[in-house]
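# Summary of structural features
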Amino acid sequence: MSLPAIERRGTGQGTTPGPIAGADAGEEAWHRVRAAYPPQQPLLNLNNAAVSPPPLVVQQAVIDAYLFIGHNPDVNMWSKLDAALPDIKKQLAELVDCAPHEIALNRNSSEGLSTAIFGIPLTLGDQVLLSPWDYPSVRAGWLQRQQRDGIEAVTCRFDLMASDDDIVAAFEAAITPRTRVMQLTHMFHWNGRVLPVKRLCALARTHDIVTVVDGAQTFAQMPVSFRELGCDFFVASLHKWLGAPVGNGMLIVKEAQIDRTWPLLAPFDPPPFGIDKFDHWNLGTYNSAIQAGIGPAIQLHREIGVRTIHARLQELTRYWVSLAHDIPGFRLHTPLDTDDLGAVSLFSIDHVDSKALERELREKHQVHVKYRKVEHVEGLRVSPHVYMLRADLDTFVIALRNAVERVGH
């Protein structure tokens with residue numbers, strides 16, 4: 001199937017009715033987008049920050065590729081399906097503004113981050129800067145390396161709602177002559193807060209510090225430029241906002257860092273040359289069919305346009321918050337009035353148990369949001385995607401009001 005053109009940039013296909021953004025598009029355009037996705041049943045899926053449904057064309061590409069593999073697996077996987085991967089890297093490089101030879105394909109962000117965590121050469125006493133808000137497996141990885149190799153994992157403390165200046169100051173204050181790596185989360189999955197990563201990477205460069213950016217929640221949700229960020233490593237999951245099949249990830253390594261970084265798995269064909277040493281095929285036999293869905297996901301993403309996607313996600317977040325803000329005790333734990341706002345937000349209701357509220361919404365109203373708790377921050381995460389309509393968020397807020405009434409008494 002193909003989606004009627006909404007906004008085509010650089011695809012060379014179809015006609016362009018002109019860019020659309022946010023409320024200017026009208027809901028009819030988004031009905032066309034919705035038709036490109038499988039129905040979400042039986043739950044209203046407001047947890048797309050975890051994993052998004054692949055569009056129908058992506059699902060079909062994977063099914064077709066899997067059936068194709070079955071005819072002659074050894075030939076059809078390695079010699080035919082894998083032959084498309086250099087072009088996939090080229091297309092991804094165009095989306096994220098890097099060189100194709102800086103991209104490795106893997107399974108998810110956790111794998112890419114682990115490659116950086118365990119592959120960057122460090123010695124006893126070297127320091128790595130973290131935050132309390134980084135993804136749990138990221139913190140666990142650095143703490144494991146601290147225990148194993150004797151490096152020091154230093155936590156930079158700041159509030160999730162702190163200003164950009166305060167966050168930069170927290171990292172700057174933690175830098176010492178022994179600081180070697182700065183771990184940065186582009187958007188915290190807890191509440192959608194976006195870090196001033198470009199400023200932090202510039203700060204790191206002045207101290208010759210390597211930067212690792214977890215871009216799991218920003219890539220394909222909003223415009224991202226690897227070159228503009230100025231980081232050394234950038235990691236993303238393609239099954240979140242791009243809509244590629246589950247089990248696809250991307251690791252970008254700045255060319256100057258490739259040779260000095262150890263791969264997570266020993267390469268199949270030593271000696272390892274360039275980015276290939278980080279690629280998925282070092283796993284051994286893997287499912288090539290799921291990578292056949294990356295291309296169609298990129299195509300659909302281009303048809304809509306990343307700026308249009310970002311504007312729509314901002315619109316949906318602000319829309320549901322505007323409907324819910326007068327619920328007694330409603331608290332939003334996400335900065336709303338910022339250009340960095342996306343689809344991910346976190347809220348709580350005073351004197352209402354968030355876990356009980358999550359359960360009530362799912363079991364009584366078939367609405368799926370995600371309970372999140374880290375440090376002193378606790379609440380329910382809401383993350384719509386572009387296949388969702390304003391009417392879906394009307395349904396959510398009506399259900400929320402009823403659920404609060406039941407759980408709160």
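Bear in mind the structure is a predicted one, so any value in this text is a computation, not a measurement.

Looking now at the overall build of the protein chain. Secondary structure assignment for the protein chain yields 14 helices and 13 strands. Taken over C-alpha atoms, the radius of gyration comes to 22 Å for the protein chain, in line with the 22 Å a tight globule of 409 residues would show. Dimensions of the protein chain, computed from the C-alpha atoms along their principal axes, are close to 60 × 55 × 40 Å. Taken over 409 residues, the protein chain has a buried fraction of 57%. Once local pairs closer than 6 in sequence are excluded, the contacts in the protein chain between residues at least 24 apart make up 71%. For the protein chain, the accessible surface area stands at approximately 17,400 Å², while carbon and sulfur atoms represent 52% of it. Computed over 39 positive and 46 negative side-chain charges, the separation of the two mean positions in the protein chain equals 2 Å.

If you trace the backbone, glutamate 360 turns up in helix α13 (residues 354–365). If we skip the residues at most four places from it in the chain, glutamate 360 touches His365, Ala403, Arg406 and Val407.

The next thing to look at is the packing of helix α7 (residues 164–174) against helix α8 (residues 197–206). One way to put it is that α7 packs onto α8 with a least axis distance of 10 Å and a crossing angle of 25°. Looking at the two axes, α7 sits roughly parallel to α8. Classified by chirality, the crossing of α8 by α7 is right-handed. In this structure, α7 contributes Asp164, Asp165, Ile167, Val168, Phe171 and Glu172 to the contact, and α8 contributes Arg199, Leu200 and Leu203. A breakdown of the residues in the contact of α7 with α8 according to their chemical character gives five nonpolar, no polar and four charged.

The two faces of the sheet receive side chains in turn, since in a regular strand these alternate between them. For strand β13 (residues 377–382), the tally of buried residues reaches five of six residues, placing the bulk of the element in the interior. Pairing of strand β10 (residues 345–349) with β13 involves three bridges; the strand directions are antiparallel. Bridged to serine 345 within β13 is valine 382. Bridge analysis of strand β12 (residues 370–374) against β13 gives five bridges, and the strand direction is antiparallel. By the bridge assignment, lysine 370 is partnered in β13 with arginine 381. Linking β12 back to β13 in an antiparallel pair, the connection comprises two residues, with glutamate 375 at a positive phi of about 50°.

The next point concerns the environment of arginine 331. Of note, arginine 331 is situated in strand β9 (residues 330–332). Note: C-alpha distance between arginine 331 and phenylalanine 347 (16 residues apart in sequence) is 5.5 Å. Look past the residues within four positions of arginine 331 in its chain and what remains in contact with it is Leu346, Phe347, Ser348 and Asp350. Within the structure, the side chain of arginine 331 is placed 2.6 Å from the side chain of aspartate 350, a separation counted as a polar contact.

Attention now moves to the packing of aromatic side chains. Across all of its chains, the model carries nine aromatic pairs by this definition. Pairing tryptophan 320 with phenylalanine 330 gives two aromatic rings, centres 6.0 Å apart and planes at 80°, and the pair type is edge-to-face. Of this pair, tryptophan 320 sits in helix α12 (residues 306–324) while phenylalanine 330 sits in strand β9, placing them 10 residues apart in sequence. According to the relative accessible area criterion, tryptophan 320 is buried, its value standing at 0%. Residue phenylalanine 330 is classed as buried on the basis of its relative accessible area of 14%. Ring centres of phenylalanine 347 and phenylalanine 396 lie 6.5 Å apart, and the angle between their planes is 65°; on these two criteria the pair is classed as edge-to-face. One end of the pair, phenylalanine 347, is in strand β10; the other, phenylalanine 396, is in helix α14 (residues 390–407), with 49 residues separating them in the sequence. Here phenylalanine 347 matches phenylalanine 396 in class, with each residue buried. Feature note: the residues Trp320, Phe330, Phe347 and Phe396 constitute an aromatic cluster, connected by ring pairs.

The biggest cluster of nonpolar side chains holds 98 residues, and the ones touching the most others in it are Phe234 and Phe396. Those residues in contact with phenylalanine 396, other than ones at most four positions away along the chain, are Leu44, Leu46, Trp320, Phe347, Leu361, Val367, Val369 and Val382. One finds Val138, Val181, Phe233 and Val235 within the second-largest nonpolar core, a separate group that totals 22 residues.

Rules behind the numbers
Residues numbered from 1 in each chain as written. Predicted model: local features only at pLDDT ≥ 70, side-chain atom pairs only at ≥ 80, totals over all residues. Heavy atoms only, no water. Helix = DSSP H or I, 4+ residues; strand = E, 2+ residues; numbered from the N terminus. Rg over C-alpha atoms; globule rule 2.2 N^0.38 Å. Buried < 20%, exposed > 50% of the residue type's maximum accessible area, 1.4 Å probe, protein only. Contact = heavy atoms within 4.5 Å. Areas by Shrake-Rupley, 256 points an atom, 1.4 Å probe, with all protein chains shown as cover. Lys, Arg positive; Asp, Glu negative; His and termini not counted. Charge placed at Lys NZ, Arg CZ, Asp CG, Glu CD. Axes fitted to C-alpha atoms, helices over the stretch in contact; angles between N-to-C directions. Parallel < 35°, antiparallel > 145°, perpendicular 65-115°, else oblique. Left-handed = near helix turned anticlockwise from the far one by under 90°. Nonpolar A, V, L, I, M, F, W, Y, C, P; charged D, E, K, R; others polar. Pairing = 2+ DSSP bridges. Polar contact = N/O pair within 3.5 Å; in protein donor to acceptor, adjacent residues only side chain to side chain. Phe/Tyr/Trp six-rings, centres within 6.5 Å; stacked < 30°, edge-to-face > 60°. Core = buried A, V, L, I, M, F, W, Y, C linked by side-chain atoms within 4.5 Å.

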